[in-house]
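For reference, the chains in residue letters:
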Amino acid sequence: ARKLKRGKLRDGGAPEDRDALSECVNLSSDLLEDIRDLVGNRREVSPLDLDKALTELTRPFAKPEFSIDVAPDVVIEDLTVAESLLAVARESITNVVRHAEASRCTISVHRDQGRVCLTVEDNGVGADGAEGFGIRGMRERMTDAHAELDISPNTPTGTRVTAAWAVA
């Protein structure tokens, strides 16, 4: 069903919309492959090192200044949760870099009452309420994982993305 919907979107509408959708589909495929490689390579040796994985996701960007804080008690054994967490982090980072005009972005991961929680906060201009393909993709991924996602204003400026997965 998803391929049919995507095909209809790609074949209809304005040329620039088709080009943008095609770029999003290609970026999504590349991103998923990169995340699976990253998670798979890390897990062959030991459990995923979230601090290193998140650092790798932020490394290509000169701005904003990223701060990463992963609580020492966070260990993710479930590959699906790890992939989902890194995908949400990557999309959040991409949105901060492309849209937020932020000077700082803080990424934190901690455990809370049987859940692993990811928070990405920036001090940028804040979200305008419009949801593009990336945010919709995050929402779909989180729904499929029976996880929670909240995107809200950060105080005093910027945006906060909070995601939580139930883990054993």
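Note on numbering: residues in each chain are counted from 1, in written sequence order. It should be noted that, the model being predicted, local features are given only for residues of pLDDT at least 70 and side-chain atom pairs only at 80 or more, the latter also being counted only at that level, while totals for whole chains, interfaces and linings use all residues. By convention in this description, side-chain values take in all heavy atoms of the structure and omit both hydrogens and water.

1. Notes on unusual backbone geometry
Now for step 1: At the junction of K63 and P64, the peptide bond is cis and its omega measures out at -5° in the coordinates.
Now for step 2: Under the DSSP-based scheme used, a helix requires at least four consecutive residues in state H or I and a strand at least two consecutive residues in state E, with every element numbered from the N terminus. As for its position among the elements, P64 is in the loop between α3 (50–58) and β1 (65–70).
Now for step 3: Here the residue pair T155 and P156 is connected by a cis peptide bond, since its omega of 5° sits within 30 degrees of zero.
Now for step 4: Note that P156 resides in the loop between β4 (148–153) and β5 (159–166).
Now for step 5: For H146, which is not glycine, the phi torsion reads 55° and is therefore positive.
Now for step 6: Along the chain, the position of H146 falls in the loop between α5 (133–144) and β4.

2. Notes on the side chain of E91
Now for step 1: With respect to the helices and strands, the residue E91 is situated in helix α4 (residues 79–100).
Now for step 2: Each residue gets one of three labels from its accessible area relative to the maximum for its type: buried under 20%, exposed over 50%, partly exposed in between, using a 1.4 Å probe on protein chains only. His is not counted here, nor are the chain ends, while Lys and Arg score as positive and Asp and Glu score as negative. Should a side-chain nitrogen of Lys or Arg be within 4 Å of a carboxyl oxygen of Asp or Glu, the pair is scored as a salt bridge. With no salt bridge to any partner, buried E91 finds its closest opposite charge in R98, at an N-O distance of 6.2 Å.
Now for step 3: Should any heavy atoms of two residues lie within 4.5 Å, those residues are considered in contact. Ignoring anything within four residues of it in the chain, the contact list for E91 reads G134, I135 and M138.

3. Comments concerning the packing of α4 against α5
Now for step 1: To obtain each axis, a line is fitted to C-alpha atoms, and for helices this fit is confined to the stretch in contact; angles are then taken between N-to-C directions over 0 to 180 degrees. Close contact between α4 and α5 brings their axes to 10 Å; oriented N to C, the two are set at 160°. The orientation of α4 with respect to α5, classified from their angle, is roughly antiparallel. Our pair here, α4 against α5, has a crossing hand that is left-handed. On the side of α4, the interface is formed by E83, S84, A87, V88, E91, S92 and N95, while α5 contributes G134, I135, M138, R141 and M142.
Now for step 2: For the contact of α4 with α5, a count of residues per class yields five nonpolar, four polar and three charged. Angular relationships are summarised with four words: roughly parallel below 35 degrees, roughly antiparallel beyond 145, roughly perpendicular across 65 to 115, and oblique for the angles in between. We call a crossing left-handed when the near helix sits turned anticlockwise from the far one by less than a right angle, and right-handed when that turn is clockwise. In this classification, Asp, Glu, Lys and Arg are treated as charged, Ala, Val, Leu, Ile, Met, Phe, Trp, Tyr, Cys and Pro as nonpolar, and every other residue, Gly included, as polar.

4. Overview of the sheet that holds strand β2 (residues 104–112)
Now for step 1: Here, any two strands with at least 2 DSSP bridges between them count as paired. Spatial strand order, β1-β2-β3-β5-β4: five strands in an open sheet with mixed pairing. The strands lining the two open edges of the sheet, one partner per strand, are β1 and β4. When the angles between neighbouring strand axes are averaged without regard to direction, this sheet yields 10°.
Now for step 2: Bridge analysis of β4 against β5 gives six bridges, and the strand direction is antiparallel. Of the residues in β5, the one forming a bridge with D150 is T162.

5. Comments concerning the side chain of T159
Now for step 1: If you trace the backbone, T159 turns up in strand β5.
Now for step 2: Overall, T159 belongs to the buried group, its relative accessible area being 12%.
Now for step 3: Discounting chain neighbours no more than four positions away, the residues touching T159 are V120, E121, D122, G126, A127, I151, S152 and N154.

6. With respect to α3
Now for step 1: When α3 is considered as a whole, its buried residues turn out to be L50, A53, L54, L57 and T58. For α3, the angular spread of buried residues about the axis comes to 135°, placing them on one side.
Now for step 2: With a side-chain oxygen positioned 3.2 Å from the backbone nitrogen of D51, the residue opening α3 is D49. Along the arc lie the directions from the helix axis toward the C-beta atoms. Two N or O atoms count as a polar contact when they lie within 3.5 Å, although within protein this holds only if one can serve as hydrogen donor and the other as acceptor, and sequence-adjacent residues are included solely when both atoms are side-chain atoms.

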